[in-house]
Structure formats: C-alpha cells, structure tokens
Amino acid sequence: MGPRQFMIDAWSWLSYKPVMADAGRPGTRAFPELAATWLPPHELRRLAAYKVLAAYDNNQAGQLVAASGDEAALERRELGDAANLVDTTLGYLLGSGQKIAVEGAEHADEEAPKPGSTQAAAVQELLRNWAEKELLTLRVQQAERAAVLLGDSVYVLAWNQEKRRPTLRTYDPGFFFPQWEDEDQDFPSRVHLAWELPEDEDAGLKARVRRVTYELGPIFEDDEGVVRQYPWEPGRPSNVTCFLTDAEWLLEDLKRGESLDRLPLDKASFRVRPDGTELDRVDLMIDFVPVIHITNTIPDGGEHWGRSAIARVLQGLDELSATDSDSSAASATTGTPIIGLAGARLPVDRATGKPEQLKVEAGAVWQLGDSGRMDALDTSPQLAELRSRVEHLLDRIASNSRVTAAGLGTLDASEVPSGYALKLALGPLDALVGAMRLAREHKYRLLFKMVQRLFQAGRAEGWLAGESVSARLSWAPHTPTDRAAVLEEVVQAYGAGVLSLETAVAMLMDAGYPIRDASQEVARIRAKAEQEVAVRMAEAAARRGKDDGEGGQENADGSAGQPGGVEVSEKVREPVAVGN
C-alpha cells in the first residue's frame, strides 16, 4: 500500500479506506481483477468503489480490511446493517408499486376528449402490455437496488425479432464504460459494455474479455453517404445510425496500453447472431444508443455518476460494527465472569503436577480455606454502555442518511405525540425520496421513448409512425396514507362540485385504493350511475301508472283523482341526478 494521496472527486467519501489510499491504482491488493491492463486507468476508482460497497452489502467489510493487512478485522461482527439501510431506502423509493402513465390518457373517455388523448390512451395501453410481458416491475427492482447500493445502474434495450417487441435487460454498472467526446453532450455517442470471462478448462476456453459497443455514426452504403427518414421523425431526413459490435479478445493477446477503447480488431473474435449475422458494426436502424444510465442522486456539475445511499455513513457503519464486536466480547465476560479465588484447594494434574484450570459452570463446588474468598469481575456496566452506544450510532446513521429513525422503524411510537409530529419527523425522508425520484424522472421518460421508437422501427402491429408521446413511470406514495381521510375528502369535494370525477379517482389511486386504470374506473362509475337512474325512472313510471289507474275512480267527495284527494307529487316526475 502506497502513501495516502489527497483527492476530491465523486468517490472522496471512500478515501479513508486503505484500499483507496493509492489514487492511481486503488484496490489492486484487495481486488486483483482491477490490475487488468484493458481497464481504462481513469475508471479504476469508480470500479474499486463499487467493490467496496458490495463488500458492505454482503457483510464482508471486515474481510476487505483484512485484505489490506489488518488481520484483526476478521473478528469484526457485521449484522447486516448496511444491507438493511439499502433495502429500506429502496422500499421507500419504489413505494407500493409503479405504473406507466401517459399524459392525457386518463381523460380519453370524457364526453369531449382533448386532441390527442385517444392516441395517448392507446399508447399507454400498449406500453403497459409491453411492461407486463417484459417483467418491468422485476427489472426495476433489479436496477434500482444496484442504483441505491452502488449509485448507478444500467438498462439496455434491444429489438427481438422473434418476440416482436423490445427486450429490457439490466447490467452491473461496473460493466458500463461510456465514451464522452464532449463534456457538454447530454448523452455519450459511444458506449462500451465490457467484462472478463474466466477460463474454462473443461470447455477448452481461455480467459478472455468481451466488449459490446454501441456507437453513433454516419450511414454509409457502398461507400456513399445516404440519409434516412425514421418513423418517429417523419419529414426530417437523418444521416446518423447506431452500430452494434460484439466481440471477444483473449487476455493473453492483449498488450499493455491496449485499453478498452484501443483493443486490436485484428485479434477480435466477433459473435454471431442466430440468423448468421456477424456482429461487426451491424446497423440497428435507429438514431440513438439504446442504453439508459440510472443515477441514484442528481450528479454534481461536471460529473456523470450517482452516489450510494450509504456513501456518507460508511464510517458510522464501521463504528457500529466495532461496537457490536466489543459488545459481544463484554457479554461473554458478563455471562461467564472472570473469578478470582484466594485460599482455594485446586486439583492437580497428575501427569504434569500443575494445578488444573477451573471452569465456571453450573453446579461447580470449590473448597475454600478459612481465609479464602471469591471475587467476580462485573462487566455489566460496560455492556450497558456499549448497548447505549449502539443505539446512539443507529440514530446518527439514520439521521445522516436522511432515512430517519421513524423511517428505519427504530423510533418508539410512544415518543410521537401526534400524527403531525410524525410527519415532521419523516420530513428528511420525504425530501430524500423526492430527490431520488427526480434524478430518475427524465431517464425513465427516455426509456419509454426508446421503447416506442423500437416498436416503430420494428414495424410492430398497432404502432403508427409519428412523434413519440411523453410517458413516465408513476411511483406510489412512499409512506402510509390515511385512506379514510382521503375518501372523506374526495366525497365532500366531488359532492360539492369542486372536483371532477377523473381527479377524484386519481386521488383515490394515489391513496392506495386498488384501481388499475383510472379511465376504466370512471367509465364503470358512470355506467353504474346511468343504470341506477334508469331503474329509478322505471320505478317512478310504474308508480305513476298505478296511481293513474286508481285515480279513475271517484273519491268520496265526488272528485276524480287519488283516493282521499291526494295529488301525485311533482317530485316523482323529476329525473334523478347522476351524482345522487
């Protein structure tokens, strides 16, 4: 391990770790795989940071320290606090569920729908069908846990000709190597996905590296530049397309200096698709790179990478692990105390002639002389202090991570005087979840735009040419909602006419009521209301007919009409309002 170097970058919060002491070659002792010559030097700190965070998630932080030379760290107790913090943060981020929402789609069933709402509703239904087939909820869980733990995650889209739909896959961010030609670009024009494949002696395969490259470039056919009109931009010619290359290199063939972006093509072995196409700059017939990089936080200016949810509390987790280890040692001496004897007759080992060591166990009897005594070392005060320190560290970690003690479930309910106080206690968690969802808002809109364009490029049934509609991933509330209070509020507001039926149903959906589709629910409510109106009108007509038949008889006073001279009420003839 070389001398420590002071560096401020996106991973400075890990600089206190011995494995990150060498800013040029971090983690080479703990992570030998980072010594591969094909890895770009400027990516090593990011990859080492991912390794360290994965060690915390798997209760291997002590082993990581031991790999740096501190063998005593192997005795460190790790009880899953880091993984619990990650999973808790992930649960609040995702809420109780997610769904695809297209702007204007929920109002397509109104009497006078807005222009384009019918198309929006159709696209929303098609996207939701695609999400169900592609297990979008599962993919989101996979990608978002990596993002919360490591700070980054990656989605990759590809058109599947057999399934006739885009496929969605998640990748480890350690395989993701974007190539930025200009720092002012919103998205990289070239992206590498690369990883090592281990040696397989049984199959006769040597160790190799695989690189999948997506690259934007001009369209050339027969050495001539051509233009193309994409279905999502009708009337606008483009000379740009995306090329796909998938190849492997033997590690033994790579020399120093031949990094990821400079691998020799003459030593490459290109992969082949099932249809026999060699994946060497294959034209994907799209003008975008189908790779979406998700960040857990909003990157700082000039940066492209997110930050882990446990990044700023790693030292607190180290302190908690050390305190747990000390507490375990103290509990051993408290349960089985150290005892000092004076004036006792100790049994002698006949083989060695030395006194045998006594053991503290139930039923043990020791003979003491007239002046003998027994003293026990009481370590219970130290154990109580260590347990108190554990509680203090948990509160500190909850506070600094902004998950809060209420969010982690360690807050005593009796300490909360009111619901308003609990809401204030959850304020930092609300801000944290809001910032995390904001960091993902644009990326999921981009993902659904790419899905629509891949459907259009593949000429799938039901997808027409034209500009892509704006679709987003809608998150459920991250904290419990008082559903009864929301229902009462909706009923009063809708009954007073200050809310539309669509808005009322949307509020119920946000409160957690099991409503799958707002437009369908509105249609069912209106159909049921019209049915009740028809039934009431039929009953009123039947009563009027019966009353008219009886009214043909003369009353006792000789007048015609209802018995007793009672006239039919005009209120019966009034139509029943839809909302009643």
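Here the residue index of a chain counts from 1 through its sequence in written order. Reporting in this predicted model follows two pLDDT cut-offs: at least 70 for local features of residues, and 80 or more for side-chain atom pairs to be given and counted; totals over whole chains, interfaces and linings ignore these cut-offs and use all residues. Derived side-chain values reflect all non-hydrogen atoms in the structure, with water molecules and hydrogen atoms excluded from consideration.

J.: Provide a residue-level description of helix 4 (residues 117-133), including the pertinent values.
T.: Note that an α-helix has 3.6 residues per turn; residues three or four places apart therefore point the same way. Helix length check: helix 4, at 17 residues, gives a terminal C-alpha distance of 24 Å against a target of 24 Å (1.5 Å per residue), a fit within 8%. For every residue, the accessible area (1.4 Å probe, protein chains only) is compared with the maximum for its type, and the residue is labelled buried under 20%, exposed over 50%, or partly exposed between those bounds. Strands here mean DSSP runs of E at least two residues long; helices mean DSSP runs of H or I at least four residues long; both are numbered from the N terminus. Turning to helix 4, its buried residues are Ser117, Ala120, Val123, Gln124, Leu127, Arg128, Trp130 and Ala131. Down the axis of helix 4, the buried side of the element spans an arc of 160°, and every buried residue falls inside it. Exposed side chains of helix 4 directed beyond 90 degrees from the buried face belong to Thr118, Glu132 and Lys133. We call two residues in contact when some of their heavy atoms are within 4.5 Å. Looking at the buried side of helix 4, the elements it contacts are strand 1 (98-102), helix 5 (136-150), strand 2 (152-160), strand 3 (165-171), helix 10 (427-457) and strand 17 (471-475). In the segment just after helix 4, leucine 135 is the residue with positive phi, at about 55°. Expected span of a helix: the number of residues minus one, times 1.5 Å. Our arc is simply the arc of the directions from the helix axis toward the C-beta atoms.

J.: Summarise the pattern of salt bridges; cite the residues concerned and give the values.
T.: For this document, the term salt bridge refers to a Lys or Arg side-chain nitrogen within 4 Å of an Asp or Glu carboxyl oxygen. Throughout the structure, instances matching the rule amount to 22 salt bridges. For glutamate 248, the salt bridge identified is with arginine 271, shortest N-O distance 2.5 Å. In this pair, glutamate 248 sits in strand 11 (residues 240-250) while arginine 271 sits in the loop between strand 12 (269-270) and strand 13 (282-283), placing the two residues 23 residues apart along the sequence. Beyond isolated ion pairs, a larger network of salt bridges with shared partners links Arg190, Glu215, Asp261 and Arg281.

J.: Lay out the pairing of strand 6 (residues 208-218) in plain terms, naming residues and giving numbers.
T.: Counting buried positions over the eleven residues of strand 6 gives eight, a clear majority of the element. A pair of strands is considered paired only if DSSP assigns at least 2 bridges between the two. Taken together, the eight bridges between strand 5 (residues 190-197) and strand 6 define a ladder with antiparallel strand orientation. Looking at the pairing, leucine 197 lines up with arginine 208 of strand 6. Inspection of the sheet shows strand 6 paired to strand 11 by eleven bridges, in the antiparallel sense. Residue pairing for strand 11: glycine 217 is matched across the bridge by threonine 241.

J.: Describe a negative patch on the surface, and please don't skip the residues or the numbers.
T.: Patch membership requires more than 30% relative accessible area and the absence of a salt bridge. Residues of like charge join within 9 Å; the nonpolar side chains Val, Leu, Ile, Met, Phe, Trp and Tyr join within 5 Å. What sets the accessible areas is the Shrake-Rupley method with a 1.4 Å probe; for residues, cover comes only from the shown protein chains. For the charge count, each Lys or Arg is scored as positive and each Asp or Glu as negative, with His and the chain ends excluded. By convention, charge coordinates are those of NZ in Lys, CZ in Arg, CG in Asp, or CD in Glu. There is a patch of like negative charges on the surface, built from Glu199, Asp200, Glu201 and Asp202. Checked against the element boundaries, glutamate 199 lands in the loop between strand 5 and strand 6. Exposure remark for glutamate 199: the relative accessible area of 52% places this residue in the exposed category.

J.: Summarise helix 5; cite the residues concerned and give the values.
T.: Its 15 residues place the ends of helix 5 21 Å apart at the C-alpha level, agreeing with the 21 Å of an ideal helix rising 1.5 Å per residue. Burial in helix 5 covers these residues: Leu136, Arg139, Val140, Ala143, Glu144, Ala146, Ala147, Val148, Leu149 and Leu150. Remark: glycine 151 follows helix 5 within two positions and exhibits a positive phi of approximately 100°.

J.: I'd love a proper account of the packing of aromatic side chains, names of residues and values included.
T.: Only Phe, Tyr and Trp rings are paired, with Trp represented by its six-membered ring, and only when their centres lie within 6.5 Å; those with planes under 30 degrees apart are stacked, over 60 edge-to-face, the remainder tilted. Under the definition given, this model contains ten aromatic pairs. Seen in terms of ring centroids, tryptophan 232 and phenylalanine 288 are 6.0 Å apart; in terms of plane orientation they differ by 65°. Their pairing is edge-to-face. Of this pair, tryptophan 232 sits in the loop between strand 9 (228-229) and strand 10 (237-238) while phenylalanine 288 sits in the loop between strand 13 and strand 14 (291-295), placing them 56 residues apart in sequence. With a relative accessible area of 2%, tryptophan 232 lands in the buried category. A centroid spacing of 4.6 Å and a plane angle of 5° characterise the contact between phenylalanine 455 and tryptophan 463, whose relative ring orientation is stacked. For the residue pair phenylalanine 455 and tryptophan 463, the accessibility class agrees, reading buried in each case. A cation sits over an aromatic face here: arginine 281 above phenylalanine 243, 4.1 Å from the ring centre. Sitting over a ring, as applied to charges here, requires NZ of Lys or CZ of Arg to be within 6 Å of the ring centre and within 35 degrees of the ring normal.

J.: How would you summarise the packing of helix 3 (residues 81-94) against helix 5 if you had to cite specific residues and measurements?
T.: Think of each axis as a best-fit line through the C-alpha atoms, taken over the contacting stretch in the case of a helix, with angles from 0 to 180 degrees between the N-to-C directions. Running from amino to carboxyl end, helix 3 crosses helix 5 at an angle of 125°, the nearest separation of the two axes being 9 Å. Viewed along their axes, helix 3 and helix 5 adopt a mutual orientation that is oblique. Along this stretch, helix 3 crosses helix 5, giving a crossing that reads as right-handed. Facing Ala83, Val86, Asp87, Thr89, Leu90, Leu93 and Leu94 of helix 3, the residues of helix 5 in contact are Val140, Gln141, Glu144, Arg145, Val148 and Leu149. Its residues assigned to classes, the contact of helix 3 with helix 5 comprises eight nonpolar, two polar and three charged. Any angle that is under 35 degrees is reported as roughly parallel, and any over 145 degrees as roughly antiparallel; angles of 65 to 115 degrees are reported as roughly perpendicular and all others as oblique. For any helix crossing, the convention is left-handed if the near helix is rotated counterclockwise from the far helix by under a right angle, and right-handed if that rotation is clockwise. Polar here means any residue other than Ala, Val, Leu, Ile, Met, Phe, Trp, Tyr, Cys and Pro, which are nonpolar, and Asp, Glu, Lys and Arg, which are charged; Gly is therefore polar.

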